Each structure stands twice: as structure tokens, then as C-alpha cells.
Amino acid sequence: MSGVIGKPMPRHDAWAKARGDVVYADDFSLPGMLYGKVLRSRYPAARILSIDTKKAEALPGVHAVLTAKDVPNNETVTKFGQSRDVGSGFEGMYRVLADKKVRFMGEAVALVAAETERIAQEALELIEVDYEPLPGVFDPEEAARPGAYPVGESESNVIARYRIRRGDADEALRHADVVIEGTYRVPFVDHAYLEPESGVAWLDENGVINIRVSTQVIEHFRGVAAVLGVPHNKVRIIGTFAGGGFGGKEDITVETYLALLVRKTGRPCKMTWTREESILSHSKRHPYVMRYTTGAMADGKIVALKADLISDAGAYVYLSPWVLMYSAVNATGPYEVDNVDITAMTVLTNNTFTSANRGFGAIQPNFAYESQMDELARRLGIDPLEIRRINCIKKGSTMSTGWKIDRYVALPEVAERAREALGEPTSMPAPWKVGIGVAVGMMSYGRLMFLHDTSRSHVRVEMDGSVTVRCGVPDIGGGQSSSLCQIVAEELGVDMSNVNIYVSDTALTPLAGTTTATRQLYMSGNATLKAARELRGRLLSKAAEMLGVSSDRLDLKEGSVIVEGETRRLPLVKVIAACANEGQELFSEAQFNAPFCEVPDLSDIKGQIFPDFTFGAHAVEVAVDTETGMTRVLRIVSCYDVGRAINPLSAEGQLEGGAIYCMGYALMEEVVMDRGITRTPSLSEYLIPTSADAPDVTCIMLEYGDGLGPYGAKGLGEPSCNSIAPAITNAIYDAVGVRIKSLPATPEKVLRAMKGDL
Amino acid sequence: MTEGYAIELTVNGRQVSAEVRADETLLEFLRTQLRIIDAKSGCGKGDCGTCTVLLDGLPVKSCIVLAASADGKDVKTLSGMQNEPLVKALQESFVTHGAVQCGFCTPGMILTAASYLNEHKNPSRDDIRRALSGNLCRCTGYKKIVDATQAVARRNE
């Protein structure tokens, strides 16, 4: 072993990015390239009576104007990389261009390809669409009532309902010493990655449509092929280094539009969305209304938890049923409760559609249950850490679904360590008051087990001892590909700089699955580890033969085979040459399979549906200006059991980034929708934290080594942003005695709550 | 819109003569006419800072500067400053501190940091935070970016 695992090290791609050399999606151009643009609906709900494209088509420089009738299969099924059919409950309709009814403002109605972007824009303005505005429905609870405005054509507005029951919650609540009730609301949130959606597509000499695109899911090549009605092998997706994803590039963005325009014109085509277009038309994080009741005994033991969760799916299904499944299973949080009743529902409305966003349904109930826990502790006069000591799950505990946790649970240790590191409160002069808040969280890594998730990776040693890795992992900035290089360097005893990796190409790299669900280190890390170890075994057994020693005494280090307890070294290149000479394979391709399960009974979810959880906590100190309601987060401590930090710099990067990402969720971020109309379509209206807002995040990483990833690692990408929001609102309570139950906790809300006006 | 303006300027040390539209932004000019891609387009409204370039030595958001107004001026993007010691020091510091994740904000961030450190010798952490606050980053939470910038500032002391 070369000992690179666990060492903080620069990523293999960092220098290229620091020099500005990386060719992102929009940075790429081809000769003869056209520019694509999308005509978007001005109404959230309307009937399309007619579309006249003649004037647009007649504009010089315009090569294509397409509407729904030009799309071979305008309605297909939403897939998210899974190769398994998981049924209609989890696979909604994917409609490429609006047809009949428009369901949300910003929905794509027509496509244009032209010689320049400006001509394409001008052509959009010449397309005449006759709309008949319809009333629409914008509140999920209203949309769920009988007789509500139908968002779709024939489908019900209610797209999924789940229930989880354990024991008898109502009976237990009757005997509880204290009952805490609360309704919690969280808003629409944008991913606000700095790189808007973009791609370039072209037709190659084999008749294959190539799409070079910023995406988290190259497996959308299948969906694009289904829309075009061509074989899967006639569409190739090449994922670029993405300028951020966070779940927003998990759904198809520009891919299908580009494919249609290329197919129509035969010319290469580029499409890049404006920021406004991006905010209007890509998915949002689901708003939820969450009604919670928690019952406990005087000693702090929780005896019952009831929760009713309602999420706004927006105008199309996309990932809403999956996100809701996460919410239902996460609704009790990391607490062992004997009597549970969870009901969950997701409903179509004429708002922008909602889908994946870092935290994926785990983060919304986290705000609710951690607010309840804090309130319960206060009511009982028990320390917030103590109430978690009493109730947190541990190895061997049983979750609400009856799943018995069989791996190490670093609770409440993460909370205790975070709180301890925060130290004593800062004192600030009036009108500021300072408070401290703590919250814990859990989130799965790896996909829902009934998706039967797999990943593949290919490792090849070259004759000179350098190594080539090919793995279809989309790199969205989390160090997804660099950590694979590190694993290979470790196993084959070569320097990181001697490992080169090719990623994210459906034609040339083995399919590794989606960069979603915090799964790449877990899944592709394990696939790469498996491939590298197989190759390592082959090389060591040849070396053993050459050296005349048993292979278990050998190790690979610094480009050589070393013998335990001896000084002699055999250069790796000599072993490679010997293997090549005998015709031994100098490569290995491996597949890693996650644990599988079947789709559960949705009216009574039972058992294990996630591979494992990552547990963490945030402790924060927040100052509140009692005159204005302004808040300032002074300090944040993030403590996680990371399993094993493959690259501590990258792991810290996730924890620090995750904390600030959802500090925005707690305090400032909201896509304001006013009866389906987005009122915050720019980064000067949709505010995300700047460097002036963000305090330093102190990271504490515990490494218990009991994760399912390579070397015992757990996933961090999404779990890292959990629990910061309730930690902040709990700190606001600690400072000024008001409990904010609706995010974001803006100065207006805090001030009104202090005045008893909320 | 067809009326062009002839401009002459220096871009990354090279003399450039070009024709631009009246409403063509400096960013569009750099990216589409000159194919300089290290200045990125993140918002088109001056909100995010990914398009930061130096105009006569001062950082500007090139998406809200008209190309015609750069006539006779000196424009530098990150790719034209790779040999400047302060830029190199910042690049190395960003790399070793893990301040680079998706990388989309990085060129603009490094240019802003370089320009600030050129003028300010002993900035505090909060000074650096304020100086960089016009350049958004969604990945890192900023700590490592501030660490990396501060490390270079200290070296200059």
C-alpha cells in the first residue's frame, strides 16, 4: 500500500481548474455550429390553442423551428439511470414540449436553431402561440381536494401516498406526559450552481448523435433515444466537468432539445440557458408542509411520533415519489420511537416542477423533527444533548419501518463533539442577542435499494507503469473522479500523478451510474477498488513467481514490488512486461452491486430500503439584532462520522460547502412563486450566501470505518447539508425565544415573531 | 444592430482590432470572437462574478461592460496572467488548500483575489471575505478560498 488513502491531497483536476483550462459545456464549439433556443410558456396554466411558426421559419438564418408535433415520441417515461423497471409509481411522464396544456411558467413550447444566438432569439419572438389561460392550482393541499383544477390531462393531482406505522401512536400519545405539536413549512429552493445548463451536440459519421453536456446522469442517453425513436446505441452522452449540480442536473435539461435540433438540421448545435431560464425551468427543491406531533414521558423518552407530510411536486412528476419516500422513512429522524404513524403525500400543482436537490427529501423532515426535539427539551427542562442521548438510535436499534440498524451509529457523539467544539457563547452588545443551537441528522448514501443499483470501472496498467482508469462517473465538482485515482494509486502503489482517468462517456467508459444520491464514492469507489485489487492480485502473483516468494509477503509501493522484511525491490514495469509477454490481461473491469430489495408496500412501508446512513450534527452560534430581526451566523461546527476520509481535503470541502449551502436554506433562500409566477428569477433576487455571509465552518471528522464505501468510507455530499437549518433556528430560539417554523428565517419573520405577530 | 463599432484594445498582451455590435458585452466578445474561455458566463447580470476580468488593471464583471467601451484599453483574463507571480501563488494556494471544487468560479475568484492582494498588504480574514463577496461560489462554503487567499497574503507580508 502506498498510503495515499487518508492523506489530504490536491485533486488531480485542481490545477487545470485553477488555470482556467477546463473546457466546460459552453466553452466548447464546433465548426458550422448552430445555436438552439427554447420558447417558454408565459403562463403557469393555459391551453395551447394554436402555434404559428411560419414567420420564425422565414427569418434568414433560422434552420429549424420545432413544436410538439415534430417530436417523434413527445411523451415518454422519466428514468433516472436505473436499468430496472420500478413501475409507474416511480416513473412519471416525461413530456419534451408542451402539448395541449401548459402546466408551468417556463415550460418549453417550441425550439429554434439558427446561425447565431441573436437570430435564434429573434425567431422565438416571431413564434405566435395562442394561449387560453386556465385557472391553475398552486397549493398542494388545495390541489389534493376532490374537484380541484386538474394539472394534467387525465392523471390525478395526487401522485403518491405513503404510510409507515409502528405500534399505536394515538394510544401512546394519550399516555404521554408531554405532547409537542407543530406545523413546519419549507420553501422552493434553487440549486443555483454557477454554471447554467449547457451542451453541444453533433451527428457523427456513424449516424450517432453525440451530446457533450453538463449533467449528473449520462444514462439519459436512453431517454433521449426513446424520444427520438432510435436505438440506444445511436445516442452518446459525454458529460463535461460540471460547474455544480446539487441535483439540478439530475433530470434531462438540454439533451433532448439538442438531439431534436441536430436530427432536424444535420448541423452541430449548442444550447446554453440564461440564468433566468435556469431558475424558471429546471427543477426546484420540494416545499413541504409538515404537521408533527411528538409525545414523551417526563424523563425525556419519546413514546410516539406522528407526522403528516405534504410536498408540492410542481407541474410534472419527475423524482417527487422518490423524494417523498426518503421523507417518509426519514420522518422520525435518528430516534428510536416505538409508536409511529407517518403519512406522506405529493401533489401536482402549476408551480415549477420539483425534483432532486441536495438532501433529497431527508432534509425537509429534518427541519421539523429537530425543531420538535429542541422544543421538547425546553418544555421538559432537559438539555438538548441529553434528550438526544436518551432517544438516539444506536447499532441494533429498530427504525420505524422495522429495519434493525446493523452498523455503527456515532450518535449522539457527533452532537456532543460539535457542541463541545463550539465552546462558550460570544457576548455582543445590545441590540444583539446571541444564541446557540444544536441539531443532528441522518441521510442515506447510495440509491433506494429497489433500484438494484450497479457501477462499473476499468483499470489498465500501461507498459511504463502508468495507469489508465475509465469509469462513467460524471464529475460535478465533489472530487468524484479524483478519489477514484487515489484508490487506484493506493492499490497499485503508484503516485497519483501516474494515474490518468477518463470519465463520463456512454460510448467509451463503463457505465457507472448517476452522480446522485451520494453514491459515487460508495458505488464507483467500490467498483474501482474491486478492479484495482484484481489487477493487483495478478501483478503480485506474477511477482511472487519472479521473486520466488509467497505473494502474501509482497506489496506494491512507489512503482515497485517490495518484499516484507527484505530490502530487494522488483520494479513494477518488469512485472508488467512479464505479464504482457505471457499474454496476461493488463486490465480489469469490475462491477459493484449495491444490496437489492423489492419495491415495498407503499401503504405500509417495511424493512430496509437504503444501504446505510451517514450521521452528523451541527452546532451553531447565531446573533440576532432584536431591533431589526437581522441574523448573523457567527460560528458553525460540523461533526460527521465519515467512516473513512479518503481525501480529508475533499471530505472537509463537502462538510464546509454543505453547511453553507443550507445556511442559505435556513436564512435567505426562497424561490418566490406567486400563483405560479417566479418572482425571483435572478441571483440578485434569489440570494445565496456570499463570502461575507459565511463564517468559517469548523469540521470534526470521526472515522469509525464502518461505512459501506471503499476502506469503510461513508457518503458525505448530501448528508453534509442536513441539520444546519434546524441548528440555526434552534439558536434563534435560544437567542430571542421565538421559534421559526417556516424557512427561510428572514429578518421580517424573526422580527414579526418577536412581536408576537406570527 | 448590424452597425458595428471598430475597436482596438489589448487582450492578454495581444493587440486586437475587431468589430463589435453596440450591445455586445465584453464577455461575449472575449468568448465568441476571441475564444477566450476562462472568463465564464454565470448570470449575465453582474451578480455572480464568474466573468471577472481586469480592465486597465481593475476587476470588472465583463458581462455588464460593453465591448465598445473597452476600446483603447487593456483587458486581462486569468489565462493571460499565468506567469504573474501573485497569480501563480494564488493558483498554487487554491490547489493545495482544496479551494477548488467544480472550478467554475475559480478563474474569477483568483483574479479578484489577485487584484485585491495587489492593493492590500495585510488584510484580515473579514477583509478578504468582503473583498471576495462579489464572486459567488456554491460548492466550497468559502472557507478554503479565504484560507488560500490569506496564506498568499501572509507570504507577502
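Residues numbered from 1 in each chain as written. Chains lettered and ligands numbered in written order. Predicted model: local features only at pLDDT ≥ 70, side-chain atom pairs only at ≥ 80, totals over all residues.

Some details on the overall build of chain A
Here is step 1: When its secondary structure is counted, chain A shows 18 helices and 30 strands.
Here is step 2: In terms of C-alpha radius of gyration, chain A reaches 27 Å, essentially the compact-globule figure of 27 Å for 758 residues.
Here is step 3: Looking at chain A as a whole, 61% of its 758 residues qualify as buried.
Here is step 4: Sequence-distant contacts in chain A: of pairs separated by 6 or more residues, those separated by 24 or more amount to 81%. (Helix = DSSP H or I, 4+ residues; strand = E, 2+ residues; numbered from the N terminus. Rg over C-alpha atoms; globule rule 2.2 N^0.38 Å. Buried ≥ 20, exposed ≤ 12 C-beta atoms within 10 Å, placed from the backbone. Contact = placed C-beta atoms within 7 Å.)

Considering the sheet that holds strand β4 (residues 58-61) of chain B
All names here are of chain B.
Here is step 1: Spatially, β2-β1-β5-β3-β4 is the arrangement adopted by the 5 strands of the open sheet, whose pairing is mixed. Each end of this open sheet is capped by a strand with a single partner; those strands are β2 (14-21) and β4. Taken pair by pair, the neighbouring strands of this sheet meet at an average axis angle of 40°, ignoring direction.
Here is step 2: Contacting β3 (52-55) and β4, helix α3 (residues 106-119) runs over the sheet at an angle of about 40° to β3. (Pairing = 2+ DSSP bridges. Axes fitted to C-alpha atoms, helices over the stretch in contact; angles between N-to-C directions.)

Focus on the interface of chain A and chain B
Size of an interface, as often reported, equals the accessible area lost when the parts are brought together.
Here is step 1: Taken together, the contact pairs 45 residues of chain A with 41 residues of chain B.
Here is step 2: Of the residues that constitute the side of chain A that touches chain B, the class distribution is 23 nonpolar, 13 polar and 9 charged. (Nonpolar A, V, L, I, M, F, W, Y, C, P; charged D, E, K, R; others polar.)

A few points about the environment of T346 of chain A
Residues and elements named next belong to chain A.
Here is step 1: By secondary structure assignment, the location of T346 is in strand β17 (residues 339-348).
Here is step 2: Judged by the 31 C-beta atoms lying within 10 Å of it, T346 falls in the buried class.
Here is step 3: Leave out the neighbours within four places in its chain, and T346 touches I159, A160, S311, A313, S320, P321 and L324.

Considerations on the pairing of strand β26 (residues 612-625) of chain A
Residue and element names in this part refer to chain A.
Here is step 1: Across the 14 residues of β26, 13 count as buried, placing the element largely inside the fold.
Here is step 2: Both β26 and strand β27 (residues 631-641) contribute to a ladder of 9 bridges, which runs antiparallel. Bridged to A619 within β27 is V637.
Here is step 3: Remark: 5 residues form the turn of the hairpin made by β26 and β27, two consecutive strands paired antiparallel; G629 in that turn has positive phi of roughly 80°.

Quick look at the pairing of strand β19 (residues 454-461) of chain A
Residue and element names in this part refer to chain A.
Here is step 1: Most of β19 sits inside the fold, with 6 of its 8 residues counted as buried.
Here is step 2: Bridge analysis of β19 against strand β25 (residues 587-593) gives 7 bridges, and the strand direction is antiparallel. Residue S457 lies in a different strand from β25, and its bridge partner there is A590.
Here is step 3: Direction of pairing for β19 relative to strand β20 (residues 467-471): antiparallel, over a ladder of 4 bridges. Bridge assignment links V461 to a residue of β20, and that residue is V467.
Here is step 4: From the end of β19 to the start of β20, which pair antiparallel, there are 5 residues, and G465 there has a positive phi angle of about 90°.

Notes on the environment of T354 of chain A
Residue and element names in this part refer to chain A.
Here is step 1: Checked against the element boundaries, T354 lands in the loop between β17 and α10 (363-380).
Here is step 2: For T354 and Y318, which are 36 residues apart along the polypeptide, the C-alpha to C-alpha distance reads 7.3 Å.
Here is step 3: Excluding residues within four positions of it along the chain, T354 makes contact with S283, K284, R285, H286, D312, A313, G314 and S320.

Some remarks on the nonpolar core
Here is step 1: Membership of the largest hydrophobic core comes to 300 residues, with the highest contact counts inside it found for V112, A328, V488, I728 and I732 of chain A.
Here is step 2: Ignoring sequence-local partners within four residues, the contact set of I732 of chain A consists of G435, V622, V624, T631, V738, I740, A745 and V750 of chain A. (Core = buried A, V, L, I, M, F, W, Y, C linked by C-beta atoms within 7 Å.)

Observations concerning the sheet that holds β26 of chain A
All names here are of chain A.
Here is step 1: Read from one edge of the open sheet, 4 strands run β18-β26-β27-β30, paired in mixed fashion. In this open sheet, the two edge strands, each paired with only one partner strand, are β18 (432-445) and β30 (697-702). On average, adjacent strands in this sheet sit at an angle of 15° to one another, irrespective of strand direction.
Here is step 2: Where β27 lies against β30, 6 bridges are found, and the strand directions are parallel. Residue pairing in the sheet places V637 in a bridge with T698 of β30.

Considering the environment of D130 of chain A
Residue and element names in this part refer to chain A.
Here is step 1: Counting through the fold element by element, D130 comes out in strand β8 (residues 128-133).
Here is step 2: The class for D130 is exposed, based on 11 C-beta atoms found within 10 Å.
Here is step 3: Sequence separation between D130 and S50 is 80 residues, and the spatial gap between their C-alpha atoms is 5.2 Å.
Here is step 4: Apart from the residues lying within four places of it in its own chain, the contact partners of D130 are L49 and S50.

Thoughts on the packing of helix α6 (residues 221-228) of chain A against helix α7 (residues 255-265) of chain A
Two packed helices can be described by the angle between their axes and the distance between those axes.
All names here are of chain A.
Here is step 1: Across the interface, α6 lies against α7 with an axial gap of 10 Å and an inter-helix angle of 45°. With respect to their mutual orientation, α6 and α7 come out oblique. Seen along the crossing, α6 lies across α7 with a hand that is right-handed. In contact with V224, V227 and L228 of α6, α7 contributes E255, T256, A259 and R263.
Here is step 2: The residue inventory of the contact of α6 with α7, partitioned by class, reads 4 nonpolar, 1 polar and 2 charged. (Parallel < 35°, antiparallel > 145°, perpendicular 65-115°, else oblique. Left-handed = near helix turned anticlockwise from the far one by under 90°.)

Just geometry here; none of it tells us what the structure is for.
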